[in-house]
Every structure is written in C-alpha cells, then in structure tokens.
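Chain by chain, the residues run as shown.
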Amino acid sequence: MIQHLVDGILTGSIISLGAIGLTLIMHMLRFANFSYAELLGIGAYSALVFDRLLAALIPFMHEKIGPLSLTWTLSVSVVLAMVVTGASAVVLDKLVFKRIRENAGPLSMVFASFGVALILRNIITLAFGHRAQLYSPDIAFAIVVSFDPLLLIKPDQVFVLGAALVLMLMLHVVLTRTTFGYSHRAVAENPDLAQVSGVRLSRMVVSVWVLGGGLSAAAGVFYGLTNQISPHLGHNFVLPVFAATIVGGIGSVYGAVLGGFIVGIASGLSLMILPSGYTPAMPFLIIIAVMLLRPHGLFGEELHR
Amino acid sequence: MKNNLTSIAALAALAVTAHAGTAAADCTLPVGVVYPTSVDWGKPIAETTLWVADMINEAGGVDGCRVNAILRDTQVDPRVGVDAARALVDLDRVQLLIGAVASGVTIPILTSVAAPSGVMQISCCSSTTRLTEIAAEGGANGLFFRTFATSNVQALVAAMKAQEAGYETITILYKNDDWGQDLGSLAAAAFAGAGIEVKAQIAINDDQPSYRAEVTQALATRPEALYLALYPKEGIAVVREWISLGGTTEFIGTNSLKSDEFREAVGMQHLGNFIGTDSSTPRTGSATAFVDAYTAHFNAPPSGPGLPNAFDAAAISLLAYHAAGRDATGAQIAAKVPMVTDPAGEPIDGDVAGFARAMELLSAGQPVSYQGGTGAVTFDQYGDVSAPAVFWNFGADGAITEIQYITLEEVAAFGASIE
C-alpha cells in the first residue's frame, strides 16, 4: 500500500511536468496537441546526445553525483536539452501549426498534431534505432527505507521528485510575479483583449512553446533517468499526460500538477484491486469519472470563446 | 486489338500443349499455399514449400498428377489470409491448404474456411495452444495439423529446470498478448505440476510509462526465482526495475529474450544465473540432411524461422494426398496422415528418391515413417507435434550459448511425470 502510494507520487511528478506544458499550450492555442508528448522524446534523446558529447569532451565531469546515477554532464545536458526542445517546439509551430492556425479550424490542428507526432517519432527511430538507450548502463539500486511495511526508494526518484517540484515552483513564481506571467495569463484568457492592452500575441505563442518544450524535455530526461529511453517514450506518455491535463482542467497549471499526481497514484494503487492486465485502463476511468462529476476538470473554467 | 487477342490465344494454346507434353502426368492437382510472402521471414518459408512440391512432381506427382502449388500472400493479416484461403477453396477448388505462419492468421483460416469447407489444413509455424483447444472442442473436424511444437515444450522444460535448481517458489511475469498469456498459463501449470509454488502471475502490458507497480507487486511475493515470458522491449524495463529493487537474479526466460539488446541493457553482472529455454530441432541424421539439401538448393543455409517445419508440413501433407488418391476430399487426405508418419513404417528420407519410395509403398497400402527436417514427426490426436528443447544462457563473453539439449523423449517423459 505505502509502496504503491510512494511509487505513484514519483511517477506522478513526471506526468505532472508533462501535463503543465500541455495545459498551457492547449489553453492558449485552443487545440488538443497530440504531438506534444513527442517533445518528451526529443528532450530525452537530445540530452543523451549532449551527455555523450560532454562526456567525451570533459571526461572528469562524467562522474556520478553522490548516490544518484545522474552525472554532472547529464545535469548540464538537461538544461541544454530543455533549450533545444523548446526551440524545436517553436520551429514546429512555425512550420506547421502557425500556418494551419491562420487558415483552418481547430479540428485541422488536431489532425495535424497526429501527423506531426508520427513524423517526430519516426525521425527519432531513424536516427537512434528502435533499441532502448540508457543514460547509465549501471542499475541504480533502491534503498530500503523501511522493512515492515516494505518501502524501497531509489535516490534518483527522490531527486526527480525534488527537481520537478523546483521547476513547478519556478514556473509558479514566473506566472504570478512577473509582467510576462500576467501577459501570458491575459492572452490565455482573452487574446483580443490582451492584444488591445499591448501584449504581443506572437511573442506569447513562442514563449508558451518554449516553456512547454522545456518542461517536457525535463520530464523526458527524468523519465529516462529512472527508466529507459526509446522512440516510444513520448507515445507511452500521451495518455497519462492528457488524462492529467483533463482531470486538472485545461489551462490550470495547479490542476495539471494535481492531475499528474492523481493519475500516477491511481495507476499505482489500481494494481491492488485490478489484475495488472487492466491497469492501462486506469487513466481512461479517471477521465470518465472527472468528466461526469466536473466536466471542466477539477480546476478548469468554462472556456469563453 | 483483334490481332493481339489472336496471338495471345495462340500462345495460350501453345503453352497448354507444351505443358501437357512436359508434365509428369496427364492431370494437375491444385494445392493452396497461404504464407506471408511479403515479409522477409515469410518468403523462405513459401519457397521451401514450393521446393517440396517440385520434388514431389519430380518423384512422379501426387497419385500420378502434377501438383500445382498456388501461392497466396497473407501479409500476416488475418483478413487478407482468410480472403486468400477462401479464394483458393472456392475458386481453385483445393482440398489441401498449407499455411499459415502466425497463429492469429491460422486460426481464422481454420475456423472460417478450412473446417467448414472440409479442406485439410497444415501449418508450419503456429505455436499457440488455442489451436489445440479448437481441435479438442471439435472445431477442426480432424482436418488440422501443424509441424511446430506448442509453447508447452518451453513451459515444460522451464519447470524441469526450476525443479533441478531446487526452487520452491516462483513468480511469473508474462507479456499480455496471446503468446504471453498462453505461455504464462502453461508455465504456471507446469511449475505447479513439478511441485513448485507459483506465487503470482503478473501481466506486463506493452508501452507503459512505468512498470514499477507490477514489479513491486512481484517483489512482494518474495519468490526464489522469476519466470520471464517477455519480449526484450518490456523485459529490459521490468528486469532493470526488478534488480534495482533488490529482487533475486535467479531468472528463467523464454526464447524471446535471446537478444543482445536485453543482455547489454540489463548487464552481464546480473545475468549470471539466467537460464533460457527454447524448443529445438532434433539432432538426427534427417535434420542434418535437410540442412545440407536446403543449402545445396538455395545456396544458403536455412537460417530463418520455421524452415524445416515448412518442409515437413508440405512433404507430409502431399504424401498423405498421394495415399488418399487424386480425387480425395480434405477429410480423406487427413485420414491418411498417420500412414505417412507411422513409427512402425519403413523410414523414408525427405528427398526425391525418398518421396518416390514412399509413394510406391503408400500406393501398395503400406505405412511409412517420414524422416524430415524436424526428425520423425508424429502427430497427436489434435494434430500437434512435440519437440526437443535446449537450455541456453549468456555465456562468459555474453554470447548466447547452448548449455544443454533435451531430447524429445526426455521432454515427453517429464510432461508425463507431472501430469
């Protein structure tokens, strides 16, 4: 019980990070972006490339930090990967979504996002192959926190939870304490009114892609650190991330954080009552339950168009 | 246009006459072959089958008739496979269908085409026990055979190994698909039969973000060993998680984990006690003869999956067709299969001379014991065959190494001992 709960919180922190980016993008651009989760893959793979590069250039930094399997090179790579992924999100918007946004409706955007997801996933497969990649081939052993009830936690997971919380806190400060944050929220609420008040819409769109891309890159690397990286990484997260976003309510950052933890914990706990073959249905069940009780999500407001 | 038509007609007429002139006999028998020729591993299987048909023709043909093997692609797609089989039965009027490879294609062809139409079907490569169940329920009307052993062989030898190693408890992790569910439940039955307590059977789904919960659940059962019926993709994630949480490194795994990717990602330091299982072809003269003959014919050794099995499926079914006669129905051909695989019969080889001798004996009403690429094949009442097995591990240098060969008799004896 306690182990499932703790595992759920740890998985939930990664889902939350992904869901924050998605909820921001969905709120501002008003379409369900199914290619968003592929950004996790881009993040994870670009960190892998940077990690290998840095390890070759400055070998003494390729040392593990304390009990973590995270190396100094990888921690630098995370930041670089966040930048690269944010930039690729902006490029994707310029190449595909911006053009469609100007000429067609939201439904075309949704279909385009499916296409973009397929293309991204296959580019990753072409470049890196199907096989699973690892940041560190060594297996990081879990630490026994308590024997009865048995509770095992990996240092990496604690680090991931902490790092995710720090990132969320930073985002919170940016959104609530800076002019940028106010402009951002204004555009999401009402783009026309925000423009009248002197907010540059195009700049806000770029910034939300950078934010979303950066957060999802972090989520991708954190996932790769505690599990493994494969071209299907993004695809595997589509459902949990969407579930978290919908549960939390589209547009609500705090809802997305909570939604991520709810989905993570529920998937972990569901094993106690359901056979493991049925656990993938859990995110769907949560979506249905929330939609029935609160159609706009836990923290969501009705979108005014 | 008219000119064209006339010349085509003339050519066709010429072809027919030429054909009649060179054919081994004055009649042809259509035989349906449904294999996935559009995938790289399916093509050699189809080519092997056509090669057998050529040899049978060279040896005099089925009951004096030239075999016309009509090959149709299944694309490993149940819908395409059923359409192909349907066309072969309805349009080409075949009484014998050879195919398919994947269980998911073989089953619908059997239940919706072969069995209802009374056509005999023989598959080279389908391993699911679902086919045994269909036969046991009477759904196959005794028309179905396969030359590929069921997953039960692997399950049996896994239990044999666990008993040998003295494990008292084991937990099973299986891939949540037809193959994994089948193998998982077979293994559970085999372990239980061998007196090993199965602590839990846990399904592992494809493409999950985390397997932590499943692994934690398995860990809570505190087994002495872990049985892995997984593919490398999820196997890597699960086993790494398992080891990181301090689980035992006593593993028994299926042939699907024969993978360098799996070894590298998990690491040799954790795989020292890993034992793998696999079914095998028998170490007999006829199996070696098949490899030599195949190499001579195709200028390459038979390296793909199911090639000796495909060879034997074609040879046995065509010899049975011969014994049943050119006008036989599917049921009549099926009834003659035991005559071709009679252990008491004269042993015959899988080559042109062997086929000619077999046809001679069969025509005289005498049984033969066909010795093919998979040895002396015998079918049980459900059309299933057994097979020898091997144990393998990741050797000192990490290469996949065979460590023990278990003969067909040993597998069968162990199976009988735990029933």
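Residues numbered from 1 in each chain as written. Chains lettered and ligands numbered in written order. Predicted model: local features only at pLDDT ≥ 70, side-chain atom pairs only at ≥ 80, totals over all residues. Heavy atoms only, no water.

Observations regarding the overall build of chain A
Then, number 1: Looking only at helices and strands, one finds eleven helices and two strands in chain A.
Then, number 2: Put simply, chain A runs from its N terminus to its C terminus through helices and strands in the order α-α-α-α-β-β-α-α-α-α-α-α-α.
Then, number 3: Relative to the compact-globule value of 19 Å for 305 residues, chain A shows a C-alpha radius of gyration of 19 Å, a close match.
Then, number 4: Reported as C-alpha extents along the three principal axes, the dimensions of chain A are approximately 60 × 50 × 40 Å.
Then, number 5: The 305 residues of chain A split such that 53% are buried.
Then, number 6: Here chain A contributes 16 positively and 13 negatively charged side chains, and the mean placements of these two sets differ by 9 Å. (Helix = DSSP H or I, 4+ residues; strand = E, 2+ residues; numbered from the N terminus. Rg over C-alpha atoms; globule rule 2.2 N^0.38 Å. Buried < 20%, exposed > 50% of the residue type's maximum accessible area, 1.4 Å probe, protein only. Lys, Arg positive; Asp, Glu negative; His and termini not counted. Charge placed at Lys NZ, Arg CZ, Asp CG, Glu CD.)

Things to note about the overall build of chain B
Then, number 1: Helices and strands together make up the secondary structure of chain B, namely 15 helices and 15 strands.
Then, number 2: Computed over C-alpha atoms, the radius of gyration of chain B comes to 24 Å, within 12% of the 22 Å expected from 2.2 N^0.38 for 419 residues, which places it in the range of a compact globule.
Then, number 3: Overall, chain B is about 80 × 55 × 45 Å in size when its C-alpha atoms are taken along their principal axes.
Then, number 4: Within chain B, the fraction of its 419 residues that count as buried is 55%.
Then, number 5: When contacts within chain B are restricted to residue pairs at least 6 apart in sequence, those whose partners lie at least 24 apart make up 71%.
Then, number 6: Element-wise, carbon and sulfur atoms account for 52% of the exposed surface of chain B, whose accessible area totals about 16400 Å².
Then, number 7: Of the charged side chains in chain B, 22 are positive and 45 negative; the average position of the first set lies 6 Å away from that of the second. (Contact = heavy atoms within 4.5 Å. Areas by Shrake-Rupley, 256 points an atom, 1.4 Å probe, with all protein chains shown as cover.)

As for the interface of chain A and chain B
Then, number 1: Counting residues at the interface gives 33 residues for chain A, matched by 28 residues for chain B.
Then, number 2: Of the roughly 2600 Å² buried where chain A meets chain B, counting both sides, 52% is carbon and sulfur surface.
Then, number 3: At the boundary of chain A and chain B, one finds two salt bridges.
Then, number 4: With a shortest N-O distance of 3.0 Å, Arg212 of chain B and Asp7 of chain A are connected by a salt bridge.
Then, number 5: Summed over the shared surface of chain A and chain B, the number is eleven residue pairs in polar contact (both at pLDDT 80 or more).
Then, number 6: Secondary-structure elements contributing two or more residues to the side of chain A that touches chain B are helix 1 (2–29), strand 2 (151–153), helix 9 (233–248) and helix 10 (253–273) of chain A.
Then, number 7: Here the side of chain A that touches chain B is built from residues that sort into 15 nonpolar, 14 polar and four charged. (Buried area = accessible area lost by both parts, 1.4 Å probe. Salt bridge = Lys/Arg side-chain N within 4 Å of Asp/Glu carboxyl O. Polar contact = N/O pair within 3.5 Å; in protein donor to acceptor, adjacent residues only side chain to side chain. Nonpolar A, V, L, I, M, F, W, Y, C, P; charged D, E, K, R; others polar.)

Describing the domain arrangement of chain B
Then, number 1: What the domain assignment reports for chain B is domain 1 (25–148 + 284–376) and domain 2 (152–273 + 388–417).
Then, number 2: The distance between the C-alpha centroids of domain 1 of chain B and domain 2 of chain B comes to 33 Å. (Domains from an automatic or database assignment.)

Examining the packing of helix 9 of chain A against helix 11 (residues 282–293) of chain A
All names here are of chain A.
Then, number 1: Two numbers describe how helix 9 lies on helix 11: the axes approach to 9 Å, and their chain directions differ by 15°. As the angle between them shows, helix 9 and helix 11 are arranged roughly parallel. Helix 11 is crossed by helix 9, and the crossing has left-handed handedness. For the pair helix 9 and helix 11, the contacting residues are Leu239, Ala243, Ile246 and Val247 in the first and Pro283, Phe284, Ile286, Ile287, Val290 and Met291 in the second.
Then, number 2: Within the contact of helix 9 with helix 11, the residues separate by chemical class into ten nonpolar, no polar and no charged. (Axes fitted to C-alpha atoms, helices over the stretch in contact; angles between N-to-C directions. Parallel < 35°, antiparallel > 145°, perpendicular 65-115°, else oblique. Left-handed = near helix turned anticlockwise from the far one by under 90°.)

Description of the state of the cysteines
Residues and elements named next belong to chain B.
Then, number 1: This model, assessed by the stated rule, comprises two disulfides over all chains.
Then, number 2: Each disulfide pairs two cysteine sulfurs, and for Cys27 the partner residue is Cys65, the sulfurs being separated by 1.7 Å. When the S-S torsion is -95°, as for the bridge of Cys27 with Cys65, the disulfide is left-handed. A residue pair is termed long-range when its members are at least 10 positions apart, and Cys27 in the loop between helix 1 (2–22) and strand 1 (28–35) and Cys65 in the loop between helix 2 (42–58) and strand 2 (66–73) qualify at 38 residues. A single burial state applies to Cys27 and to Cys65, both of which are buried.
Then, number 3: Across chain B, the way the bonded cysteines pair up, counted in sequence order, is 1-2, 3-4. (Disulfide = S-S within 2.5 Å.)

A few points about the packing of aromatic side chains
All names here are of chain B.
Then, number 1: Using the criterion set out here, one finds 22 aromatic pairs over all chains in the structure.
Then, number 2: A cation over a ring is seen here: Lys161 above Phe391, with NZ or CZ 4.5 Å from the ring centre.
Then, number 3: The side chain of Lys175 reaches across the aromatic face of Tyr231, ending 4.6 Å from its centre. (Phe/Tyr/Trp six-rings, centres within 6.5 Å; stacked < 30°, edge-to-face > 60°. Lys NZ or Arg CZ within 6 Å of the ring centre and 35° of its normal.)

A few points about empty space enclosed by the protein
One water molecule sets the probe size; rolling that probe over the atoms shows where empty space is left.
Then, number 1: Going through the model one piece at a time under the given rule, you end up with three cavities of 30 Å³ or more.
Then, number 2: Residue lining of the largest cavity: 18 residues in total, with Lys154, Leu225, Thr226 and Asn227 of chain A together with Arg240 of chain B positioned closest to the centre.
Then, number 3: Among the elements that take part in the lining of the largest cavity, helix 9 (residues 232–244) of chain B stands out by supplying four residues, more than any other.
Then, number 4: By residue class, the composition of the lining of the largest cavity is six nonpolar, seven polar and five charged.
Then, number 5: Put simply, the second largest cavity is a space of about 100 Å³.
Then, number 6: Residue lining of the second largest cavity: 13 residues in total, with Thr11, Ile14, Gln157, Thr226 and Asn227 of chain A positioned closest to the centre.
Then, number 7: Of all the secondary structure elements, the ones that give two or more residues to the lining of the second largest cavity are helix 1, helix 5 (155–177) and helix 8 (201–226) of chain A.
Then, number 8: Considering only residue class, the lining of the second largest cavity consists of five nonpolar, six polar and two charged. (1 Å grid on protein atoms, 1.4 Å probe; cavity = no way out; pocket = protein on both sides within 12 Å on 5 of 7 lines; lining within 4 Å. Points joined across faces, edges and corners; volume = space filled by probe spheres on them.)

Re the pairing of strand 8 (residues 225–229) of chain B
All names here are of chain B.
Then, number 1: Counting buried positions along strand 8 gives five out of five residues, so the element sits mostly inside the fold.
Then, number 2: Of the two faces of strand 8, both are covered, the one formed by Ala225, Tyr227 and Ala229 as well as the one formed by Leu226 and Leu228.
Then, number 3: Bridging between strand 6 (residues 169–175) and strand 8 involves five bridges; their strand directions are parallel. Within strand 8, the position partnered with Leu173 by the bridge is Leu228.
Then, number 4: Pairing of strand 8 with strand 9 (residues 251–253), which is carried by three bridges, proceeds in the parallel orientation. Within the sheet, the bridge partner assigned to Leu228 lies in strand 9 and is Gly253.
Then, number 5: Regarding topology, helix 9 serves as the crossover connection from strand 8 to the parallel strand 9, and that connection is right-handed. (Pairing = 2+ DSSP bridges. Right-handed = clockwise from strand over helix to strand, strands pointing away.)

Regarding the nonpolar core
Then, number 1: Ranked by size, the top nonpolar core spans 81 residues in total, and within it Leu17, Ile20, Tyr135, Trp209, Phe222 and Phe237 of chain A carry the most contacts.
Then, number 2: At 13 residues, helix 1 of chain A tops the list of elements feeding residues into this core.
Then, number 3: Residues within four places of Trp209 of chain A in sequence aside, it is in contact with Ile25, Leu29, Asn33, Gly86, Ala89, Val90, Asp93 and Phe97 of chain A.
Then, number 4: Counting 56 residues, the second-largest nonpolar core is a separate cluster that includes Tyr35, Ile122, Phe145 and Ala314 of chain B. (Core = buried A, V, L, I, M, F, W, Y, C linked by side-chain atoms within 4.5 Å.)

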